[in-house]
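Per-entry structural report
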Amino acid sequence: MTAPWTPEHEVDAGQAALLIAEQFPALAGQPVVPLATGWDNTVHLVGGQWVFRFPRREIALRLLVHETAVLPRLAGRLPLPIPRPEFLGTPSARFPWPFWGARLLPGVELADTGLPDDRRTQAAVDLGGFLRRLHDPALAVLIATVSPAGVAAAATTTTPGDRSPEAGPAVVLPHDPMRRADPGVRGPMARERLAALSAAGLWQPDPAVFRLLDEAEPLGAPDVPPVLVHGDLHQRHLLLAGDGRAAGVIDWGDVCLADPAVDLSLAYGGFAGGARAALLAAYGPVPPDRAARARVLAVHLSAVLAEYAHAENRAALLREALAGIGRAAR
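This report concerns the structure included in the present document. (Residues numbered from 1 in each chain as written. Predicted model: local features only at pLDDT ≥ 70, side-chain atom pairs only at ≥ 80, totals over all residues. Heavy atoms only, no water.)

Now for the overall build of the protein. Along the protein, the regular secondary structure elements total 12 helices and 12 strands. Scaling as 2.2 N^0.38, a compact globule of 330 residues should have a C-alpha radius of gyration of about 20 Å, and the protein matches this with 19 Å. Along the three orthogonal principal directions, the C-alpha set of the protein runs to about 55 × 45 × 40 Å. Within the protein, residue pairs in contact and separated by at least 24 positions form 72% of the contacts whose partners lie at least 6 positions apart. Of the accessible surface of the protein, which amounts to about 13,800 Å², a share of 56% is contributed by carbon and sulfur atoms. Counting 30 positive and 34 negative side-chain charges, the protein places the averaged centre of each group 3 Å from the other. (Helix = DSSP H or I, 4+ residues; strand = E, 2+ residues; numbered from the N terminus. Rg over C-alpha atoms; globule rule 2.2 N^0.38 Å. Contact = heavy atoms within 4.5 Å. Areas by Shrake-Rupley, 256 points an atom, 1.4 Å probe, with all protein chains shown as cover. Lys, Arg positive; Asp, Glu negative; His and termini not counted. Charge placed at Lys NZ, Arg CZ, Asp CG, Glu CD.)

Two numbers describe how helix H9 (residues 261-269) lies on helix H10 (residues 273-283): the axes approach to 9 Å, and their chain directions differ by 150°. Taken together, the axis directions place H9 and H10 in an arrangement best described as roughly antiparallel. Along its contact with H9, which presents Leu264, Ala267 and Tyr268, the element H10 presents Arg276, Leu279, Leu280 and Tyr283. Each residue belonging to the contact of H9 with H10 can be placed in one class, and the counts come to 6 nonpolar, no polar and 1 charged. (Axes fitted to C-alpha atoms, helices over the stretch in contact; angles between N-to-C directions. Parallel < 35°, antiparallel > 145°, perpendicular 65-115°, else oblique. Nonpolar A, V, L, I, M, F, W, Y, C, P; charged D, E, K, R; others polar.)

Before going further, it helps to examine empty space enclosed by the protein. In total, this model carries 3 cavities of 30 Å³ or more according to the counting rule given. Considered as a void within the structure, the largest cavity measures approximately 50 Å³ in volume. Asp176, Pro177, Met178, Arg180, Gly231, Asp254, Cys256 and Val262 together form the lining of the largest cavity. For the lining of the largest cavity, a count of residues per class yields 4 nonpolar, 1 polar and 3 charged. (1 Å grid on protein atoms, 1.4 Å probe; cavity = no way out; pocket = protein on both sides within 12 Å on 5 of 7 lines; lining within 4 Å. Points joined across faces, edges and corners; volume = space filled by probe spheres on them.)

Once that is clear, we can look at the sheet that holds strand S5 (residues 99-103). Taken together, 5 strands build an open sheet; the order of strands is S1-S2-S3-S5-S4 and the sheet is antiparallel. Bordering the open sheet on either side are strand S1 (32-37) and strand S4 (87-89), each of which pairs with just one other strand. Averaged over all pairs of adjacent strands, the angle between their axes in this sheet comes to 25°, without regard to strand direction. The pairing of strand S2 (residues 41-46) with strand S3 (residues 50-55) spans 6 bridges and is antiparallel. Opposite His44, over in S3, you have Phe52 as the bridge partner. (Pairing = 2+ DSSP bridges.)

Below, the discussion takes up the side chain of Arg290. Here Arg290 is to be found in helix H11 (residues 288-311). Judged by its relative accessible area of 18%, Arg290 falls in the buried class. Here Asp259 takes part through its side chain, which lies 3.0 Å from a polar atom of the side chain of Arg290. Apart from the residues within four sequence positions on either side, Arg290 is in contact with Val224, Asp259, Pro260, Ala261 and Leu264. (Buried < 20%, exposed > 50% of the residue type's maximum accessible area, 1.4 Å probe, protein only. Polar contact = N/O pair within 3.5 Å; in protein donor to acceptor, adjacent residues only side chain to side chain.)

Mapped onto the secondary structure, Ser265 falls in helix H9. Residue Ser265 is classed as buried on the basis of its relative accessible area, which comes to 2%. Sequence-distant contacts of Ser265, that is, excluding residues within four places in its chain, are made with Leu233, Ala294, Leu297, Ala298 and Leu301.

Between the first and last C-alpha of helix H12 (residues 315-328) there are 20 Å, a value that for 14 residues agrees with the 20 Å anticipated at 1.5 Å per step. Buried residues along H12 sit in contact with helix H3 (110-113), helix H7 (183-199), helix H8 (207-216), H9, H10 and H11. (Expected span 1.5 Å × (residues − 1).)

Before going further, it helps to examine helix H1 (residues 13-23). Within the sequence span of H1, burial applies to Ala16, Leu19, Ile20 and Gln23. End-on, the buried residues of H1 take up no more than an arc of 95°, which puts them together on one face. In this fold, the buried residues of H1 make contact with S1, S2, S3, S4 and S5. (Arc of directions from axis to C-beta.)

Before going further, it helps to spend a moment on the packing of aromatic side chains. Counted by the stated rule, this structure contains 13 aromatic pairs. Judged by centre distance (5.1 Å) and plane angle (85°), the ring pair of Trp5 and Tyr308 falls under edge-to-face. Of this pair, Trp5 sits in the segment before H1 while Tyr308 sits in helix H11, and the two are 303 residues apart along the sequence. Residue class for Tyr308 comes out buried when judged on its relative accessible area of 3%. Ring plane angle 85° and centroid distance 5.0 Å describe the contact between Trp50 and Phe87, whose orientation is recorded as edge-to-face. Of the two residues, Trp50 sits in strand S3 while Phe87 sits in strand S4, which places them 37 residues apart along the sequence. A relative accessible area of 6% places Trp50 in the buried class. An aromatic cluster of at least three residues, connected via ring pairs, comprises Phe24, Trp50, Phe52, Phe54, Phe87, Phe95, Trp97 and Phe99. (Phe/Tyr/Trp six-rings, centres within 6.5 Å; stacked < 30°, edge-to-face > 60°.)

This is how it looks when you write it as structure tokens:
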């Protein structure tokens, strides 16, 4: 079977340099080096200060539209740095899909830091405050229908921010399109991934995990007003600085309206003990049913990350993802 993260197009550094020079002459000649890859994007660092994201799969094009529409509107409204698109590349004979660039956010993915759980408290506090602001209902009202006009204008410039936004069509954000807040959907998906990990000898079945799934799956979909959520917040998408503080939140392609549980999954998959308690204290009260939804999603996301990390020979990510499965159940 073909892995779901298998690229349909993979832009290497040489092709990225040509695309960027062709559409953004001010960056021509800048060194281009690979920075990261994920399921949906290949990422290159340009000139040591610009990060360009090139879609790997056609399914990511819809995500790119949402991401580049929402991020400019969120700029300056959140207590942690987030990417702000300043270059938008258009399809061409060299590459059939749009792509975009933003200033580099310094930091290391939580998954790659290797920080033990008892040294994650400061990052947890920072993340709790960030999510409290992101999940403010007033922010959802402001962002729910956004225009990509400001980003579209950047596609015709060689210097970011030197042209006034032009009118553009509105983008209406979907409501939990992948049903991540529904344990009745995510629980069975988690069980399938856990079985695969167990069969591969990567994970020892944990009764606490299955108790969680058994208890939470009957909850079904939440019936509360949605808020603005990152949508795919896991250990790869929180950046940490060298002192252990949170340094930024990246990869917003799944931004949508949903129950806060969708983002709170990282509170359970990425943090435990005192660090998690500190995160939830900074965030505010989380009802038991929301916590259960978040925990189930944390199990599923961690299991998927573990499968991906094993296939891609990413040892640090594999260790973090497997630990996340256990954290989520406790």
